[in-house]
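The lines below spell out each chain.
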Amino acid sequence: MRTSLVVVGVGPRGTGLLERIAANAAELYGDSEGDGTDAGVDLHLVDPHPPGGGRIWRREQSPLLWMNSMAEDVTMFTDESVTQDGPVRPGPSLAEWAARVRSGLLPVHPAPAAEAAALTGQSFASRRLQSAYLGWVYEQSLAALPPGVAVHLHRRRAVRVAGPRDGKQQVWLEGRPEPLVADLVVLALGHLDVELDREQQDLAAFAKAHRLVHLPPELTADSDLAALRPGEPVIVRGLGLAFVDLMVLLTEGRGGHYVSDAEGDAEGGGETGELTYRPSGREPVLYVGSRRGVPYHSKIGYSWQGERPPLPRFFGPAQVDELLARPGPLDFRRDVWPLVDKELGFAHYHRLFAVRPERTTVGWADFEEKYAACEPLSAELRALLAAAVPDPADRLDLDALDHPLAGLRFPDGDALQTGVRGRIEADLARRHDPAHSPDLAVFLGLLSVYGQLVRLGDLGGWWHGFFSYLASGPPGPRLRQLLALSRAGVVRFLGADTTVDADPVRGVFRAGSASVPGERVEARALVEARLPGPSVARSREPLLRFLYEDGAATTPAGLLAVSPEDGRVLDDRGRPHPRRFAIGPYTDARAAGAFARPRTNAPAFRQNDATARAALAFLHDLSCRAPLGV
């Protein structure tokens, strides 16, 4: 009996799953008896967008938009660090793939060929080049499937899945009168649009009533920015990666350019020299603020040298097992954060003692023993740190990092601009200076912590924002460009704890912050520069809404509840569905990205392998149980 598997979503996450299906098929679905009796698989791949890149990483987007990771830090392939049951199938990182393109070993679309030829390991590739890499990975994964797997690509949208728990599933596609019939279904959807929440509905209604512009949270590359008119003020809420994209599209994207006072620093792409922005006259004026009031930290611009901190140490599998064994729901701040704080502190001090021993008063072995004995966040631990690391600037203070402008008040907006620019300049200098390599150790600690937290499910949105702020910020050149835009008056910082109100008397949006009390900005346009939070109940994806209405369980934050072992969809009684799986950012087992830094035991890779193996094992068992002649 031929079995059938439907995978909905063939972007990076679906492509990663496909790679794991190909890697595990010989073991779990091959001719196990050697007599040729094992049947084949019909593999249906469903996605209206191009396979590989999907919607987010599609080729048809502005070439000005970059990735926020160096090319050497991007891979779609497992390695020996990944804790998985399936085989390792090595493959090139983005940088290594580009090197093969340069050597003529691989073809590439003419559009990104020139970029591939110039790419180095430390380059920040365009998203269009990443799209080409993802497309290549998809093609390689297809080619690696065994002969018995027949692939059917459906460039349509899946709108509904039906079927009994113990029987065939029907997957209905938009514009197709008959469903796909499947033994198993895997949802590998990426970032999805959602219906507006109450606050955004009210802002949208206000904008419509007063003929204003309101752009809600969404993928910036999909936003209609034409309504933001030259020279007019625009209030922007958000200083993360979505804001960086917005900044690029409204400046360089409208004909502006940068010049540098350093030779060889063409168009602001390098790390030296002060940039000056030359406007085209078509830019609006962006008044931008957020909770922290400053942009995400720059990506670190140097490589690791020497011994890595031995992670995990204080927040590993044993600690997660203990947390999972506790009765009742976990509270992140009470139960989890103290362990995370101690783990990140360990990474920081391990590096500090190794490379800057003159900044400490005791030997590492003595400090490590006492650090291990202290309770997390305790007065005893604080006393140890004060004695062993005398300068507070050398200690790790995660609360201060999360509130960079806390308690600071500026006399006026101009003083705030100077203050925020100073912080960005200091951050750029620190993030590109190996003398501050404890920062890179903390980055490695963050990756380790994220890998453990996946097992705990939905812990709320604060941690994801904090992780992104410290570990997933923009490339250094982007922050240098932001400084130039600030000096040119194209960008104006609003400060910390930014608030936005709709003024019905004046018919405008108004914004202010705690950083400059009493000062407000008025604008006829408001942009929410962030992706919408994932919500199954409010998803614009009909397939997810149907699952929700059909009894699939969701978390308090609105994520789809899945089994942490293999991604099976849970119902409202906590039972895993035997024939439905889900992986991706809309689930409570979401991992930090579909691709990852090499040799970091990436959670997404572990999940892909577990789901692929569970699916193949189920299909193999099903084919073996089928009566002859069926």
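Residues numbered from 1 in each chain as written. Predicted model: local features only at pLDDT ≥ 70, side-chain atom pairs only at ≥ 80, totals over all residues. Heavy atoms only, no water.

## Topic: the sheet that holds strand S3 (residues 149–154)
Sheet architecture is open: six strands sit in the order S3-S2-S1-S7-S19-S18, paired in mixed fashion. Where the open sheet ends on each side, the last strands, each with one partner, are S3 and strand S18 (568–570). Pairs of neighbouring strands in the sheet enclose a mean axial angle of 30 degrees, with direction left out of account. Relative to strand S7 (residues 184–187), strand S1 (residues 3–8) runs parallel, the two being bridged by four bridges. Looking across to S7, one finds that Val 8 is bridged to Leu 187. (Pairing = 2+ DSSP bridges. Helix = DSSP H or I, 4+ residues; strand = E, 2+ residues; numbered from the N terminus. Axes fitted to C-alpha atoms, helices over the stretch in contact; angles between N-to-C directions.)

## A closer look at the sheet that holds strand S16 (residues 521–523)
Judged by pairing direction, the sheet is antiparallel, and its three strands sit side by side in the order S14-S15-S16 without closing on themselves. On the outer flanks of this sheet lie strand S14 (499–503) and S16, each paired with one strand and no other. Sheet twist, expressed as the mean angle between neighbouring strand axes with direction ignored, is 30 degrees. Bridge count for strand S15 (residues 508–512) against S16 is three bridges, and the pairing is antiparallel. Across the sheet, the residue bridging to Ala 511 is Val 521, located in S16. Sitting on the sheet, helix H5 (residues 198–209) touches S14 and S15, and the angle it makes with S15 is about 135 degrees. (Contact = heavy atoms within 4.5 Å.)

## A short note on the confidence of the model for the chain
Predicted confidence across the chain gives a mean pLDDT of 93, with 96% of residues reaching 70 or more. Segment residues 32–37 is flagged for pLDDT under 50; beyond a separation of four residues in sequence, or across chains, it makes four contacts in the model. (pLDDT = per-residue confidence, 0-100.)

## Quick notes on the packing of helix H8 (residues 332–355) against helix H14 (residues 462–471)
Viewed as axis vectors pointing N to C, H8 and H14 meet at an angle of 25 degrees, and their least axial separation amounts to 12 Å. As summarised for this structure, H8 and H14 are arranged roughly parallel, according to the angle between their axes. Mapping the contact onto sequence places Phe 332, Arg 333, Trp 337 and Val 340 in H8 and Trp 462, Trp 463 and Phe 466 in H14. Of the residues contributing to the contact of H8 with H14, the split by class is six nonpolar, no polar and one charged. (Parallel < 35°, antiparallel > 145°, perpendicular 65-115°, else oblique. Nonpolar A, V, L, I, M, F, W, Y, C, P; charged D, E, K, R; others polar.)

## Quick look at empty space enclosed by the protein
Tallied over the full model, the rule gives six cavities of 30 Å³ or more. In this structure, the largest cavity spans a volume of roughly 90 Å³. If you go around the largest cavity, the residues you meet are Tyr 450, Leu 453, Val 454, Gly 457, Asp 458, Leu 459, Trp 463, His 464, Asp 588, Ala 589 and Arg 590. Every element with two or more residues in the lining of the largest cavity is listed here: helix H13 (438–453) and H14. (1 Å grid on protein atoms, 1.4 Å probe; cavity = no way out; pocket = protein on both sides within 12 Å on 5 of 7 lines; lining within 4 Å. Points joined across faces, edges and corners; volume = space filled by probe spheres on them.)

## Some remarks on unusual backbone geometry
The residue after Leu 311, namely Pro 312, is reached through a cis peptide bond having omega -5 degrees. Mapped onto the fold, Pro 312 is located in the loop between strand S12 (285–289) and helix H7 (317–325). With a phi close to 60 degrees, Arg 599 is a non-glycine residue in the positive phi region. One can find Arg 599 in the loop between strand S19 (576–582) and helix H17 (603–625).

## Notes on the pairing of S7
Here S7 shows a buried face lined by Leu 184 and Val 186 and a second buried face lined by Val 185 and Leu 187. As paired strands, S7 and S19 are joined by three bridges and run parallel to one another. Along S19, the bridge assignment pairs Leu 187 with Ala 582. (Buried < 20%, exposed > 50% of the residue type's maximum accessible area, 1.4 Å probe, protein only.)

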